[in-house]
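Chain by chain, the residues:
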Number of protein chains: 2
Amino acid sequence: MKRVVIIGSGNVATSLAHGLAACCEVAQIYSRRLAHARELAAAIGCENATDDLQTLISDADVYIIAVRDDAIAEVINGTTDNGALWVHTSGSKPIDLFAGQRSRYGVFWPMQSFSREMVVPLDDVHFFAEANNDSALADLLSLGHLISRHVMEADSEKRLRLHIASVFSCNFANHMWTLADEVLNEAGLPFDAMLPLIRTTIEKLNHLSPAHSQTGPAVRHDTQVVSNHLSILDGDKRELYRLLSQSIMKRNPLNDHVE
Amino acid sequence: MKRVVIIGSGNVATSLAHGLAACCEVAQIYSRRLAHARELAAAIGCENATDDLQTLISDADVYIIAVRDDAIAEVINGTTDNGALWVHTSGSKPIDLFAGQRSRYGVFWPMQSFSREMVVPLDDVHFFAEANNDSALADLLSLGHLISRHVMEADSEKRLRLHIASVFSCNFANHMWTLADEVLNEAGLPFDAMLPLIRTTIEKLNHLSPAHSQTGPAVRHDTQVVSNHLSILDGDKRELYRLLSQSIMKRNPLNDHVE
């Protein structure tokens, strides 16, 4: 059984610790705050909690640095190479943070928004792995497969694209709901009315690509409805409605579309 | 117990018939195709199916016209006023279709995308009601409350705003997922990786308004990440990323935001 040390006790570390405890030996938890390290260690039945990087055990197989992006370098500088596999869990930081400081290293990025309050089951979370050599990559992928059904190799370039895609998928989709809320608010209507519709829209993604499940006036080239809607809107809602409708129409030429 | 006649056997009619059968007497189902009327009637234990508007029973309390938008007028013209409450179920057609042809009438719009293949439980669907007088409205609201926990009055102006909001909430949110899919496709990455994140984003809407649950580089005013993402994108994805980030930043001035 793999011996793992988890460095961090925040959002990512908490869910990782719970997921790893079920299939590995989580031998030690480090946090800058001892109380936090102890709390997380106790929650997963680990007996070694520390707030001192100098007391990290040296015989683990994997060291997972799950701390804030701007604290990763500090952890690497404050610890030494012991030949084990060292990884950080940031989607946006490069693998090179370890260069020259470790012999076997990588990135182990779980693509999910975690919170410390809620442990996320990891089996459905997509993990993206990068490592500095084939042996480290093989070890990292096999660790990933212990806790998740979705583990893929992804270098910095791919992580960047995943990040951009998540901005569209989550941040910008959420902004669409903010704009809808504003349209409804002006007429005293509740945003809650949208929730069943939104859920149905997402359920479709289990069977169809988003391009294939597109509905609405733009994909039907129903220019009368589009104009009617534009006449009610103003400000950036109007500009965005116009551009988004164009963007949908461009991808769905009229003669391709059968209602 | 209210006696209801359902005119139609399509997506909306099917779910309405199932929902109403649990709390009303669905006395008759009409469809232009007798086989469809019979099939739906049999499914809900109604014994009267017809394909002839002239044979509609005259002693029901409510007649629900749940047919294609452009077929509603034809049904109204092909039937006569019997003093009962007559309603259509279209979000985009005005109540005036009935003017001069019925004495008690309205619109009874379930805001959900239905399909004939899947019966949607109505208790969570939001219904929007409009009627030509107070008595008709009271009857329509009380019918609504029998089948759904969410029934609200909404005139044509409010229905138009609900429609615009649903375009943002569903059609445009879905287009965000199409754009994400394109970004991933170019690097051979699977869109499926987004699904857990998207589900988490939606779950937040159960507790928070979309404006309050906004995350991502734009709301943090992380202009370095935004510029970096823009440098990778082109075409309308680039233009939309820029405008959407601006739209988010404008609503979240930097000094309001605590990370």
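Caption draft 1: Quick look at the sheet that holds strand β4 (residues 62-65) of chain B. Residues and elements named next belong to chain B. Taken together, the eight strands give an open sheet; going across it, the order is β3-β2-β1-β4-β5-β6-β7-β8, and neighbouring strands pair in mixed fashion. Of all the strands in the sheet, just β3 (49-50) and β8 (150-153) have a single pairing partner and so form its edges. Judged from the four bridges that link them, strand β1 (residues 3-7) and β4 form a sheet pairing that is parallel. Each bridged residue has a counterpart across the sheet, and for Val 4 the counterpart in β4 is Val 62.

Caption draft 2: Spatial organisation of the domain arrangement of chain A. All names here are of chain A. The domain architecture assigned to chain A consists of domain 1 (3-154) and domain 2 (159-256). Domain 1 and domain 2 are separated by 38 Å when their C-alpha centres are compared. Domain 1 puts six residues into the contact, and the matching count from domain 2 is four residues. Here the side of domain 1 that touches domain 2 is composed, by residue class, of four nonpolar, two polar and no charged.

Caption draft 3: Broad picture of the packing of helix α5 (residues 156-185) of chain A against helix α6 (residues 195-204) of chain B. One can describe the packing of α5(A) onto α6(B) by two numbers: an axis separation of 9 Å at closest approach and a directional angle of 15°. When the interaxial angle is binned, α5(A) and α6(B) end up roughly parallel. Both α5(A) and α6(B) take part in a crossing whose hand is right-handed. For the pair α5(A) and α6(B), contact is made by Ser166(A), Ser169(A), Cys170(A), Ala173(A) and Asn174(A) and by Leu197(B), Ile198(B) and Thr201(B), respectively. For the contact of α5(A) with α6(B), the per-class residue count stands at four nonpolar, four polar and no charged.

Caption draft 4: Representation of the sheet that holds strand β4 (residues 62-65) of chain A within the structure. Residues and elements named next belong to chain A. Read from one edge to the other, the open sheet built from eight strands follows the order β3-β2-β1-β4-β5-β6-β7-β8, with strand pairing classed as mixed. Edge positions in the open sheet fall to β3 (49-50) and β8 (150-153), since each of these has one partner strand only. When strand β2 (residues 25-30) meets β3, the two strands line up parallel, connected through two bridges. In the strand pairing of β3, Tyr 30 is matched with Thr 50. Across the sheet, helix α4 (residues 134-147) lies against β4, β5 (85-88), β6 (104-111), β7 (126-131) and β8, angled at about 165° from β7, the strand it touches most.

Caption draft 5: Main features of the environment of Leu85(B). Residue and element names in this part refer to chain B. Take Leu 85: it is sitting in strand β5 (residues 85-88). Looking at Leu 85, the number of C-beta atoms within 10 Å reads 25, which means it is buried. In this structure, the C-alpha to C-alpha distance between Leu 85 and Ser 169, residues 84 residues apart in sequence, is 33 Å.

Caption draft 6: Up close: the pairing of β2(A). Residues and elements named next belong to chain A. Relative to β2, strand β1 (residues 3-7) is paired through five bridges, and the arrangement is parallel. Residue pairing across strands places Ile 7 opposite Tyr 30, the latter belonging to β2. Crossover handedness for the path β1 to helix α1 (residues 11-21) to β2: right-handed. For the crossover that starts at β2, traverses helix α2 (residues 34-44) and ends in the parallel β3, the hand is right-handed.

Caption draft 7: A look at the pairing of β4(B). Residues and elements named next belong to chain B. Of the two faces of β4, the one holding Val 62 and Ile 64 and the one holding Tyr 63 and Ile 65 are both buried throughout. Both β4 and β5 contribute to a ladder of four bridges, which runs parallel. The residue bridging Tyr 63 from the neighbouring strand is Trp 86, located in β5. Taken together, β4, helix α3 (residues 72-77) and β5 constitute a β-α-β crossover, and its handedness is right-handed.

Caption draft 8: Examining α5(A) more closely. All names here are of chain A. Between its terminal C-alpha atoms α5 stretches 42 Å, which fits the 44 Å expected from 30 residues at 1.5 Å a residue. The sharpest bend along α5 comes to roughly 30°, located at Val 167. Counting buried residues along α5, 25 of its 30 residues qualify, which places the element largely inside the surrounding structure.

Caption draft 9: Fine view of the relation of the copies chain B and chain A. Rotating chain B by 180° and moving it 0.1 Å along the rotation axis overlays it on chain A with an RMSD of 0.1 Å. Such values leave the two copies arranged in the relation of a two-fold axis. Ranked by how close their C-alpha atoms come to the rotation axis, the residues of chain B are headed by Ala173(B), at 2.3 Å. Looking at the interface residues of chain B, 98% of them are also at the interface in chain A, so both copies use one shared face.

Caption draft 10: Spatial organisation of the interface of chain B and chain A. The interface is formed by 64 residues belonging to chain B together with 63 residues belonging to chain A. Those elements giving two or more residues to the side of chain B that touches chain A turn out to be α5 (156-185), α6, α7 (223-232) and α8 (235-251) of chain B. The leading source of residues in the side of chain B that touches chain A is α5(B), at 24 residues.

The rules behind each value
Per-chain numbering applies: the sequence of each chain, read as written, is numbered from 1 onward. As they are written, the chains are lettered A onward and the ligands numbered 1 onward, keeping that order. Where totals are concerned, whole chains, interfaces and linings use all residues; where local detail is concerned, this predicted model gives features only for residues with pLDDT of at least 70, and gives and counts side-chain atom pairs only at 80 or more. The pairing criterion is simple: DSSP has to find at least two bridges between the two strands. Secondary structure counts use DSSP, requiring at least four H or I residues in a row for a helix and at least two E residues in a row for a strand, with both numbered from the N terminus. In this document the domain limits rely on a domain assignment from an automatic tool or a database. A residue pair is marked as a contact if its C-beta atoms, positioned from the backbone, fall within 7 Å. Classification convention: Asp, Glu, Lys, Arg as charged; Ala, Val, Leu, Ile, Met, Phe, Trp, Tyr, Cys, Pro as nonpolar; all other residues, Gly among them, as polar. To obtain each axis, a line is fitted to C-alpha atoms, and for helices this fit is confined to the stretch in contact; angles are then taken between N-to-C directions over 0 to 180 degrees. For classification purposes, angles smaller than 35 degrees are called roughly parallel, those larger than 145 roughly antiparallel, those between 65 and 115 roughly perpendicular, and all remaining angles oblique. In a left-handed crossing the near helix is turned counterclockwise from the far helix by less than a right angle, and in a right-handed crossing that turn is clockwise. Residues with at least 20 other C-beta atoms within 10 Å of their own are called buried, those with 12 or fewer are called exposed, and the rest are partly exposed. The C-beta atoms themselves are positioned from the backbone. Seen with its strands pointing away from the viewer, a crossover is right-handed if its path from the first strand over the helix to the second goes clockwise. How far a helix is expected to stretch is found by multiplying one less than its residue total by 1.5 Å. Note that the bend at a residue is defined as the angle between axes fitted to the seven residues ending at it and the seven residues starting at it. Here the copies are superposed with least squares, the fitted atoms being C-alpha atoms of residues at a pLDDT of at least 70 in both.

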